[in-house]
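# A look at the structure
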Amino acid sequence: MAAYIVRGNVITMDPDYSRAEAFSIRDGRIVHVGSYQAVHAAAGADADVIAISNGAIIPGLIDTHNHMLSTGIQCRIVDLSACQSIADIAQTVRDFAEQAPAAEWIISGKGWQIETFPDPRYPTCRELDEACADRPVYLNRGGHIGVVNSKALAIAGIDRNTPDPEGGRIVRDENGDPTGVLLEAPAFSLVERRAPAPSREERKAALKDVQQLYHAAGLCGVIDPGLNADDMSIYQELWQTDELTMRTVAMPLAQTADEADQVLANLAAWGVRTGFGDDRLKLGGIKVFMDGGASLGTALMRRPFPDERCNCGIQVTHTSTFHRIVEFCARNRWSLGVHAVGGGAIDLTLEVFAEVDARYPIRDLRFSLIHAYLWPTADNIATARRLGVAVATQPTMQYNFAPMLVKRFGAESFGRATPIKSWLDGGIRVGGGSDSPVNPYPPLLGIWHAITRYVDDLQETIGSQQAINPEAALAMYTRDAAWLAFSEHERGMIRPGMLADWVALSVDPLTCPPMEIRDARVLRTVVGGKTVYQAPGR
């Protein structure tokens with residue numbers, strides 16, 4: 001690839017450079033950074049120049065928790081994301097069923113919410129029966145809840161006599177009959193395993209197509225957590241044909257509903273470990289679920305949910321199984337990311353980390369807490385720092401769930417949730433992400449909310465004491481995200497020798513009014529020196 005120069009207002013995110021006027025690129029990597037005069041002299045008079053006259057140029061953005069394959073698939077099935085009521089859900093299901101008469105099952109994507117509904121609850125099986133009774137309906141929300149009709153319950157053999165599986169819950173009415181709401185994977189997998197999966201070609205096409213949406217939002221890389229071997233092979237196929245334009249760190253999912261011996265055997269069967277791969281596709285840490293979600297009432301809490309006096313949430317993975325997984329990772333030099341939303345899950349996760357660390361040090365393995373937003377304590381933060389544990393946070397989750405969780409916990413309590421500033425002040429490495437398709441994937445929305453903590457649906461700021469400055473917010477999606485992606489040596493900064501991943505924005509995110517960041521335009525996205533997105537008219 002011929003050398004070229006990028007000229008403009010360059011935010012390098014490199015402490016050695018801070019701002020620059022230009023940088024040059026050759027063969028997919030950054031060669032020189034500095035003043036335009038110096039870079040032009042070093043690159044040579046024949047080098048082409050891309051001039052960005054407005055806004056700023058930043059390193060390529062990285063989402064540290066993004067189910068990219070699932071997001072792509074969601075774009076091709078029932079999309080409930082725009083629904084504002086139970087009636088909307090029923091109508092959307094009805095419309096899809098009528099438009100797809102050959103579909104054996106009616107299945108939704110995961111990215112839908114009920115928090116802003118006039119009646120914020122899930123539809124019952126009977127309500128879904130009214131929309132579609134002749135075929136099974138399976139609506140998965142966020143990977144933590146399944147909502148099904150009577151046909152699906154019957155196919156799965158779920159009735160009033162079916163016991164709750166360990167780590168899951170079958171919600172029942174006052175008569176003891178299933179309502180159609182299934183909490184956490186051990187419960188909804190009773191249905192999901194009977195539903196037909198998208199074909200391999202459909203999944204491959206979905207993954208290929210969704211990348212362009214991500215590039216248009218300024219994303220150059222993601223960490224996709226919770227993949228199985230077949231999912232990984234889809235990524236590998238695109239990698240082999242040079243169609244994987246999004247740099248991806250893939251995290252295998254530990255299927256902890258299995259017996260512990262089987263879980264460990266499955267993990268050992270991978271035969272490779274964290275770090276295997278290249279700059280386009282790399283194996284990350286193992287993903288484990290410790291609990292569910294706050295908006296679902298399944299996060300593992302220290303005390304009962306205030307509106308459910310006997311409910312402290314769900315522990316998805318048994319403590320003894322989790323202990324064995326952590327020890328397996330430490331002994332075999334795997335990294336590990338643990339989904340831990342509630343304080344009880346955070347406490348338990350860090351307690352086991354510390355126990356294993358005493359025998360097999362984990363500090364260099366980059367273990368991480370995923371989400372960790374319901375009130376980590378000062379002791380939690382100190383333990384995480386001592387063990388070298390990072391946090392993968394999602395500002396858009398705080399933004400998205402605020403309407404419901406402010407009602408559940410109160411504005412003051414929920415304002416202390418997602419305590420990004422406390423983590424950073426405690427010396428913890430924090431990477432920013434979205435948890436798409438549960439939440440919107442645009443990273444500028446996450447950066448904006450981390451700075452402002454403003455919630456549109458409430459028309460107020462929630463938790464201003466945990467707001468962070470623009471430099472720290474941008475670092476979460478660049479320099480620190482690259483660290484969580486095991487790629488800090490070649491991504492996250494505009495520095496000589498780094499991969500030439502960069503994004504041109506219509507605003508300078510470090511100096512513009514914070515409220516302008518969310519609506520900023522992505523003008524160009526470049527991965528490895530190649531333009532993968534350019535705004536119309538540019």
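For the structure, check the block above.
The following refers to the structure shown. (Residues numbered from 1 in each chain as written. Predicted model: local features only at pLDDT ≥ 70, side-chain atom pairs only at ≥ 80, totals over all residues. Heavy atoms only, no water.)

## Quick notes on unusual backbone geometry
In this model, S436 is joined to P437 through a cis peptide bond whose omega is 10 degrees. Among the structural elements, P437 can be located in the loop between β19 (430–432) and α16 (443–452). Even without being glycine, R453 reaches a positive phi, approximately 55 degrees. Along the chain, R453 falls in the loop between α16 and β20 (454–455). Taking the relative accessible area as the measure of exposure, R453 reaches 2% and is therefore buried. (Helix = DSSP H or I, 4+ residues; strand = E, 2+ residues; numbered from the N terminus. Buried < 20%, exposed > 50% of the residue type's maximum accessible area, 1.4 Å probe, protein only.)

## Focus on the sheet that holds strand β6 (residues 61–63)
The strand order across the open sheet formed by four strands is β6-β12-β13-β14, and the pairing between neighbours is parallel. Every other strand in the sheet has two partners, leaving β6 and β14 (281–283) as the edge strands with one partner each. Taking each pair of neighbouring strands and ignoring which way they run, the sheet shows an average axis angle of 15 degrees. For strand β12 (residues 219–227) and strand β13 (residues 247–252), the ladder comprises six bridges, and the chain directions are parallel. What sits directly across from I223, in β13, is V249. (Pairing = 2+ DSSP bridges. Axes fitted to C-alpha atoms, helices over the stretch in contact; angles between N-to-C directions.)

## Describing the pairing of β12
Taken across its nine residues, β12 has eight buried, putting it largely inside the fold. Looking at chain direction, β6 and β12 are connected through three bridges and run parallel. By the bridge assignment, I62 is partnered in β12 with G221. Where the polypeptide runs from β12 across helix α8 (residues 229–240) and back to β13, its parallel neighbour, the crossover connection is right-handed. (Right-handed = clockwise from strand over helix to strand, strands pointing away.)

## Describing the pattern of salt bridges
The final tally for this structure, using the stated rule, is 26 salt bridges. Residues E327 and R359 are paired through a salt bridge, measuring 2.7 Å at the closest nitrogen-oxygen approach. With a gap of 32 residues between them, E327 in helix α10 (residues 319–332) and R359 in the loop between α11 (343–357) and β17 (368–371) connect regions that are remote in the sequence. Among the residues examined, R359 registers a relative accessible area of 45% and is labelled partly exposed. Across the pair E412 and R416 runs a salt bridge whose closest N-O atoms are separated by 3.1 Å. The exposure class assigned to R416 is partly exposed, which follows from its relative accessible area of 35%. (Salt bridge = Lys/Arg side-chain N within 4 Å of Asp/Glu carboxyl O.)

## Some details on the sheet that holds β19
With parallel pairing, the five strands of this open sheet are ordered in space as β15-β16-β17-β18-β19. Strands at the two margins of the open sheet, each flanked by one partner only, are β15 (286–289) and β19. The mean inter-strand angle of the sheet, taken between neighbouring strand axes irrespective of direction, is 25 degrees. Relative to strand β18 (residues 390–393), β17 runs parallel, the two being bridged by three bridges. Its bridge partner being in β18, S368 is matched across the sheet by A390.

## Side note on the packing of aromatic side chains
Aromatic ring pairs are reported here in terms of the distance separating the ring centres and the angle at which the planes meet. For the structure on display, the rule yields eight aromatic pairs. An angle of 80 degrees between the planes, with centres 6.0 Å apart, marks the rings of F23 and W502 as edge-to-face. Taken together, the positions of F23 in strand β2 (residues 19–26) and W502 in strand β22 (residues 502–505) put the pair 479 residues apart, joining distant regions of the chain. One exposure class covers both F23 and W502, and it is buried. Through a chain of ring-to-ring contacts, three or more aromatic side chains come together here, namely F305, W375 and F409. The ring of Y36 has R7 lying over it, and the distance from NZ or CZ to the ring centre is 3.7 Å. The ring of W448 has R518 sitting right over it, with the charged end atom 4.2 Å from the ring centre. (Phe/Tyr/Trp six-rings, centres within 6.5 Å; stacked < 30°, edge-to-face > 60°. Lys NZ or Arg CZ within 6 Å of the ring centre and 35° of its normal.)

## Overview of helix α7 (residues 200–216)
For an α-helix, 3.6 residues make a turn, and residues three or four places apart therefore share a direction. A rise of 1.5 Å per residue sets the reference length of α7, with its 17 residues, at 24 Å; its end C-alpha atoms lie 25 Å apart and thus fit the reference within 8%. For α7, the complete set of buried residues consists of R203, K204, A206, L207, V210, Q211, Y214 and H215. Considered in projection along α7, the buried side chains sweep an arc of 165 degrees and stay on one side of the axis. Looking at the buried side of α7, the elements it contacts are α2 (68–74), β12, α8, β23 (522–527) and β24 (530–534). Where α7 ends, the next residue or the one after it, G218, has phi of about 95 degrees, a positive value. (Expected span 1.5 Å × (residues − 1). Arc of directions from axis to C-beta. Contact = heavy atoms within 4.5 Å.)

## Brief notes about the nonpolar core
Within the largest apolar cluster, 108 residues are counted, with the highest numbers of intra-cluster contacts made by F23, L336, F353 and W502. Of the residues forming this core, the biggest block, seven residues, is contributed by α11. Once residues within four sequence positions are removed from consideration, F23 is found in contact with Y4, I5, V6, V10, I30, H32, V33, V39, I57, I494 and W502. Counting 25 residues, the second-largest nonpolar core is a separate cluster that includes V78, W112, Y122 and C132. (Core = buried A, V, L, I, M, F, W, Y, C linked by side-chain atoms within 4.5 Å.)

## Here's the deal with α16
Of all 10 residues in α16, 10 are buried; the element is thus mostly enclosed. Among the residues of α16, P443, L444, L445, G446, I447, W448, H449, A450, I451 and T452 are the ones counted as buried. Of the residues one or two after α16, R453 is the one with positive phi, at around 55 degrees.

## Considerations on the state of the cysteines
A full pass over the atoms with the stated rule returns zero disulfides. Between C75, a free cysteine, and C83, which holds the nearest cysteine sulfur, the sulfur-to-sulfur gap is 15 Å. Taking the relative accessible area as the measure of exposure, C75 reaches 54% and is therefore exposed. With no disulfide partner, C512 has as its closest neighbouring cysteine sulfur the one in C220, 19 Å distant. (Disulfide = S-S within 2.5 Å.)

## Focus on the pairing of β22
Across the two faces of β22 the burial is the same, with W502 and A504 and V503 and L505 all buried. Where strand β5 (residues 56–59) lies against β22, four bridges are found, and the strand directions are antiparallel. Within β22, the position partnered with I57 by the bridge is A504. Pairing of β22 with β23 involves four bridges; the strand directions are antiparallel. Looking at β23, one finds that V503 is bridged to T525.

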